[in-house]
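Here is what each chain is made of, one letter per residue.
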Amino acid sequence: MIKENLKRIKEALPEEVTLVAVSKTKPISDLQEAYEAGQRIFGENKIQEMVEKYDALPKDIQWHMIGHLQRNKVKYMAHFVDLIHGVDSIKTLQEINKQAAKHQRVIRVLLQAKIAKEDSKFGLSFDEIQEILASDLQNSLSNIRVVGLMGMATFTDDQTQIGEEFTNLNNLFTTLKEQQHPLEILSMGMSGDYELAIEKGSNMVRIGSSIFGVRNYNA
Ligand SMILES: *Cc1c(COP(=O)(O)O)cnc(C)c1O
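(A) Up close: the packing of helix α1 (residues 2-12) against helix α2 (residues 28-36). Two elements in contact, α1 and α2, have axes separated by 9 Å at closest approach and are oriented at 50 degrees. By the criterion of interaxial angle, the relationship of α1 to α2 is oblique. The way α1 lies across α2 gives a crossing that is right-handed. Residue-level inspection shows I2, K3 and L6 of α1 in contact with α2, the latter providing D30, E33, A34 and E36.

Below you can see the structure in the form of structure tokens.
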């Protein structure tokens with residue numbers, strides 16, 4: 001099933017769109033199956049779980065942290081994490097920088113923008129993102145590199161609203177690039193809305209249940 005799902009989704013994705021296979025809560029055997037089907041980028045939302053999977057699986061996998069970060073756990077993944085999607089404070093940027101420096105690495109991060117109308121979603125306002133990028137980070141925090149933006153739309157059936165939220169983020173992304181910020185990645189879109197996200201400019205989608213099946217949090 002996993003192989004077929006991956007194949008179907010990959011064939012439908014435009015070439016410039018990167019697929020992050022979101023494997024949170026899923027057993028190692030599921031990730032192994034996706035790996036054997038050629039998948040090399042996996043997304044997890046808990047640092048502990050990602051570390052366990054990193055230890056157990058082939059080392060050419062690129063691990064993306066997509067969940068909200070607990071700063072005191074950044075150190076456990078600093079030696080291997082490839083991209084951190086959900087950064088939403090300067091303090092977290094500083095902690096990632098500090099831990100990356102210990103391993104002489106430069107860790108790539110995305111700033112998470114708040115685009116949903118819900119209170120529960122994490123993220124920075126567009127103004128805060130502008131400020132962070134204007135603040136000469138690349139000199140003061142030389143062990144991180146902000147390479148793009150990430151956003152999650154409101155959990156709703158209203159496609160018009162979701163489309164507008166994605167468009168807002170894409171507009172910010174475009175504006176920042178026009179201001180010469182070297183951003184490359186716009187991470188938006190999950191199983192339920194990735195086609196719409198791509199239509200609105202996404203070039204990285206985070207897909208879990210459409211690949212691995214629904215998650216059972218009580219298992
Ligand atoms: C779980 C998760 C996904 C994947 O969700 P699906 O609906 O299963 O595709 C994508 N992004 C984030 C941030 C997630 O936590």
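Structure's up, so let's keep going.
(B) Structural view of the nonpolar core. Counting residues in each nonpolar core, the largest one holds 62 residues, and the members touching the most others are I84, L111 and L149. Apart from residues lying up to four places away in sequence, I84 is in contact with M65, L69, M77, I96, I107, R108, V109 and L110. In terms of nonpolar packing, the next biggest core, distinct from the first, is built from eight residues, L83, L110, M150 and I185 among them.

(C) The pattern of salt bridges, seen in detail. Inspection of every chain in the model, using the stated rule, returns seven salt bridges. Ionic pairing is found between E184 and R145, a salt bridge with its closest N-O pair at 3.9 Å. Taken together, the residues span a long stretch of sequence, with E184 in the loop between α7 (159-178) and β7 (185-187) and R145 in strand β6 (residues 144-151) at a distance of 39 residues. Among the residues examined, E184 registers a relative accessible area of 44% and is labelled partly exposed. Overall, the relative accessible area of 36% leaves R145 in the partly exposed class. Linked through salt bridges whose partners overlap, the residues forming this network are E44, E49 and K53.

(D) Region of interest: the packing of aromatic side chains. Under the definition given, this model contains two aromatic pairs. A centroid spacing of 5.8 Å and a plane angle of 35 degrees characterise the contact between F42 and W63, whose relative ring orientation is tilted. One end of the pair, F42, is in strand β2 (residues 41-44); the other, W63, is in strand β3 (residues 62-65), with 21 residues separating them in the sequence. On the accessibility criterion, F42 (0% relative accessible area) is buried. With centroids separated by 3.8 Å and ring planes inclined at 10 degrees, the aromatic side chains of Y54 and F80 adopt a geometry described as stacked. Of the two residues, Y54 is situated in helix α3 (residues 47-56) and F80 in the loop between β3 and β4 (83-87); the sequence distance between them amounts to 26 residues. Here Y54 and F80 have matching classes, each one buried. Over the ring of Y35 we find R40; its NZ or CZ atom is 3.6 Å from the centre of that ring. Here the guanidinium or amino end of K59 rests over the ring plane of Y54, the centre of that ring lying 4.7 Å away.

Cut-off values and rules
Residues numbered from 1 in each chain as written. Predicted model: local features only at pLDDT ≥ 70, side-chain atom pairs only at ≥ 80, totals over all residues. Heavy atoms only, no water. Axes fitted to C-alpha atoms, helices over the stretch in contact; angles between N-to-C directions. Helix = DSSP H or I, 4+ residues; strand = E, 2+ residues; numbered from the N terminus. Parallel < 35°, antiparallel > 145°, perpendicular 65-115°, else oblique. Left-handed = near helix turned anticlockwise from the far one by under 90°. Contact = heavy atoms within 4.5 Å. Core = buried A, V, L, I, M, F, W, Y, C linked by side-chain atoms within 4.5 Å. Buried < 20%, exposed > 50% of the residue type's maximum accessible area, 1.4 Å probe, protein only. Salt bridge = Lys/Arg side-chain N within 4 Å of Asp/Glu carboxyl O. Phe/Tyr/Trp six-rings, centres within 6.5 Å; stacked < 30°, edge-to-face > 60°. Lys NZ or Arg CZ within 6 Å of the ring centre and 35° of its normal.

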